[in-house]
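# Structural overview
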Amino acid sequence: HTPSKPVKKHSARVSTQRYRGVVKRYSNKHGWGLICVDGTLEDPGTRQIATRQDVRFYEEDQKALNLEAKDWVEFNVMQDVEAPSGWLKVVRMTRTEPGDAL
């Protein structure tokens, strides 16, 4: 019996850039929602323009900030390893107002 090699977990980079966006929707059934990013989004893992300009957020953030559609938020992003390839998720999210500057 040969011991299996440990699975390497890739470290997901968190963006240094803060982004702003507006909550599009949240699904209680699925436990995640989407935020439409205001501006161009860069994937911190590849340093390329992200393939999607929407990012995911999950139940913890929704509950902590009591988010609803059309709420403005500010956040960093990282690759979402729980979602299909190409998705980014928010981290360090806070509420903001439409006119607030970063």
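As a reminder, the structure under discussion sits directly above these lines.
Overview of the structure. (Residues numbered from 1 in each chain as written. Predicted model: local features only at pLDDT ≥ 70, side-chain atom pairs only at ≥ 80, totals over all residues. Heavy atoms only, no water.)

### Points about the packing of aromatic side chains
Taken as a whole and judged by the stated rule, the model has 3 aromatic pairs. Its guanidinium or amino end placed over the ring of W32, R56 lies 3.6 Å from that ring's centre, counting from NZ or CZ. Geometry around W87 places R56 over its ring, the cationic atom sitting 4.9 Å from the centre. (Phe/Tyr/Trp six-rings, centres within 6.5 Å; stacked < 30°, edge-to-face > 60°. Lys NZ or Arg CZ within 6 Å of the ring centre and 35° of its normal.)

### Some words on the pairing of strand 6 (residues 72-79)
The buried count for strand 6 comes to 6 of 8 residues, which makes it a mostly enclosed element. Bridge analysis of strand 1 (residues 19-27) against strand 6 gives 4 bridges, and the strand direction is antiparallel. Bridge pairing in strand 6 places Y19 opposite F75. Relative to strand 7 (residues 88-95), strand 6 runs antiparallel, the two being bridged by 6 bridges. Paired with Q79 across the bridge in strand 7 is L88. (Buried < 20%, exposed > 50% of the residue type's maximum accessible area, 1.4 Å probe, protein only. Helix = DSSP H or I, 4+ residues; strand = E, 2+ residues; numbered from the N terminus. Pairing = 2+ DSSP bridges.)

### Section: the pattern of salt bridges
Taken as a whole and judged by the stated rule, the model has 4 salt bridges. Between E74 and R18 there is a salt bridge; the shortest N-O distance is 3.4 Å. In this pair, E74 sits in strand 6 while R18 sits in the segment before strand 1, placing the two residues 56 residues apart along the sequence. Judged by relative accessible area, which is 25%, R18 ranks as partly exposed. (Salt bridge = Lys/Arg side-chain N within 4 Å of Asp/Glu carboxyl O.)

### What about the side chain of N76?
Position of N76 relative to the elements: it lies in strand 6. N76 gets classed as buried once you look at its relative accessible area, which sits at 5%. Of note is the side chain of N76, whose polar atom sits 2.8 Å from the backbone oxygen of S15. Among the polar contacts made by the side chain of N76, one reaches the main-chain carbonyl oxygen of Q17 at a distance of 3.4 Å. In contact with N76, not counting residues within four places along its chain, are V14, S15, T16, Q17, R18, K89, V90, V91 and R92. (Polar contact = N/O pair within 3.5 Å; in protein donor to acceptor, adjacent residues only side chain to side chain. Contact = heavy atoms within 4.5 Å.)

### Focus on the environment of R18
Note: C-alpha distance between R18 and V91 (73 residues apart in sequence) is 9.8 Å. There is a polar contact of 3.4 Å between the side chain of R18 and the side chain of E74. Side-chain polar atoms of R18 contact the backbone oxygen of R92, separated by 2.7 Å.

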